[in-house]
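# Residue-level structure breakdown
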Amino acid sequence: MNLFDLHQEVAVVIGATGALGGALAEGLAAAGAKVAVLGRNRERGESCAKRIAEKNGHAQFFAADASDRAQLAAAHAQISASLGAPTILVNAAGGNDPKVTVTAENAFEKIAVEDWRANFDLNLIGGALLPCQEFGPAMCGRGRGSIINIASVSAHLPLSRVVAYSAAKAAVLNLTKFLAREWAGQGVRVNSITPGFFPAEQNRKLLFNDDGTPTARTKSIWGHTPMARFGEARELVGAAVFLASEKASSFVTGTDLCVDGGYLSQTI
Ligand SMILES: NC(=O)c1ccc[n+]([C@@H]2O[C@H](COP(=O)([O-])OP(=O)(O)OC[C@H]3O[C@@H](n4cnc5c(N)ncnc54)[C@H](OP(=O)(O)O)[C@@H]3O)[C@@H](O)[C@H]2O)c1
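Residues numbered from 1 in each chain as written. Predicted model: local features only at pLDDT ≥ 70, side-chain atom pairs only at ≥ 80, totals over all residues. Heavy atoms only, no water.

### Notes on the overall build of the protein chain
Counting secondary structure elements, the protein chain contains eight helices and seven strands. Here the protein chain has a C-alpha radius of gyration of 18 Å; the compact-globule value for 268 residues is 18 Å, and the two agree. Classification of the 268 residues of the protein chain by burial places 49% in the buried group. Here the contacts in the protein chain between residues at least 6 apart in sequence split such that 71% fall between residues at least 24 apart. Here the protein chain displays about 12,500 Å² of accessible surface, and carbon together with sulfur accounts for 55% of that area. Averaged over its 25 positive side-chain charges, the protein chain has a centre that lies 3 Å from the centre of its 24 negative ones. (Helix = DSSP H or I, 4+ residues; strand = E, 2+ residues; numbered from the N terminus. Rg over C-alpha atoms; globule rule 2.2 N^0.38 Å. Buried < 20%, exposed > 50% of the residue type's maximum accessible area, 1.4 Å probe, protein only. Contact = heavy atoms within 4.5 Å. Areas by Shrake-Rupley, 256 points an atom, 1.4 Å probe, with all protein chains shown as cover. Lys, Arg positive; Asp, Glu negative; His and termini not counted. Charge placed at Lys NZ, Arg CZ, Asp CG, Glu CD.)

What follows is the structure in structure tokens.
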């Protein structure tokens, strides 16, 4: 028995138009899953599906805004008709926003409540809540499924400056545990992955100067990471395939798997 074989599975990867979601979509497809690449950006989504097809995987792009339940419902119906009923959901839409990042010019008390709301809409509501509401009950009805929410090291202890994002991701961790308990009896497992630091579009400005050299923040991150480097998106795949596979992780629910080079293992 191959513990990590996903040939029977249909995986919905939300945010697969991005760096980490794209790598997770490719990894789940390589393990055999049919993958619904779901996101707003058609060009990036179709390019992700094409990369998968070029490696003999099975993938299709579906356009939807994860913060809009009606669009998620429409995508759910299209995915079920084209690929089959989803059995895996990966929630990888999300990111920080300079508007809710504390700086000398943008003090904590000046951050507008509508910017907080927008960040919660992205990272908690669209990033986990609405997709779980849309896809989770259908999985429960069929008695099987695995949901993987992408959290962040800042969900555990807030990073300096990154205030709203950290609070929203902490809520994602909490929601993950709530749903794990709620749906365990119906065969649906709900877990999260905490990535450490992986260069992507949404955090590039914090990590690199315009000339490509590392910022002071990057040096501080590397100094705090026992492995002293950033992660590469492909290094998240093993964790996702493990959590997605019913055979590999049948008794694992409500857990958070850190893929962070040891970042959360030390204080100083
Ligand atoms: N990179 C890291 O170091 C790191 C660390 C910890 C956690 N994370 C988390 O990992 C996840 C992926 O981040 P990433 O680094 O890969 O960032 P990314 O490259 O910016 O990808 C995020 C993706 O989410 C999509 N998205 C945003 N809002 C959406 C919406 N409403 N509906 C559908 N899709 C939406 C974006 O596509 P469009 O805007 O084109 O729709 C984008 O492709 C995020 O949850 C992030 O918070 C990343």
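### Observations regarding the site of the ligand
Looking at the ligand, there are 29 residues lining it, with Thr-17, Arg-40, Arg-44, Tyr-165 and Phe-198 nearest. Within the backbone of Ala-19, a nitrogen or oxygen atom sits 2.9 Å from an oxygen atom of the ligand. Between the ligand and the protein, one listed contact pairs a nitrogen atom with a backbone N or O atom of Phe-198 at 2.7 Å. Taken together, the elements giving at least two residues each to the shell around the ligand come down to helix H1 (19-30) and helix H5 (163-183). In the shell around the ligand, the residues fall into 14 nonpolar, 11 polar and four charged. (Near = heavy atom within 4 Å. Polar contact = N/O pair within 3.5 Å; in protein donor to acceptor, adjacent residues only side chain to side chain. Nonpolar A, V, L, I, M, F, W, Y, C, P; charged D, E, K, R; others polar.)

### Some details on the nonpolar core
If you look at the biggest cluster of nonpolar residues, it comprises 33 residues, and the most contacted ones within it are Leu-6, Leu-28, Val-35, Val-37, Val-90, Ile-148 and Ile-193. Residue contacts for Val-35: discarding those within four places in its chain leaves Ala-11, Val-13, Ala-25, Leu-28, Ala-29, His-58, Ala-59, Gln-60 and Leu-83. Listed in part, the 29 residues of the second largest apolar core include Ile-14, Leu-38, Ala-66 and Val-190. (Core = buried A, V, L, I, M, F, W, Y, C linked by side-chain atoms within 4.5 Å.)

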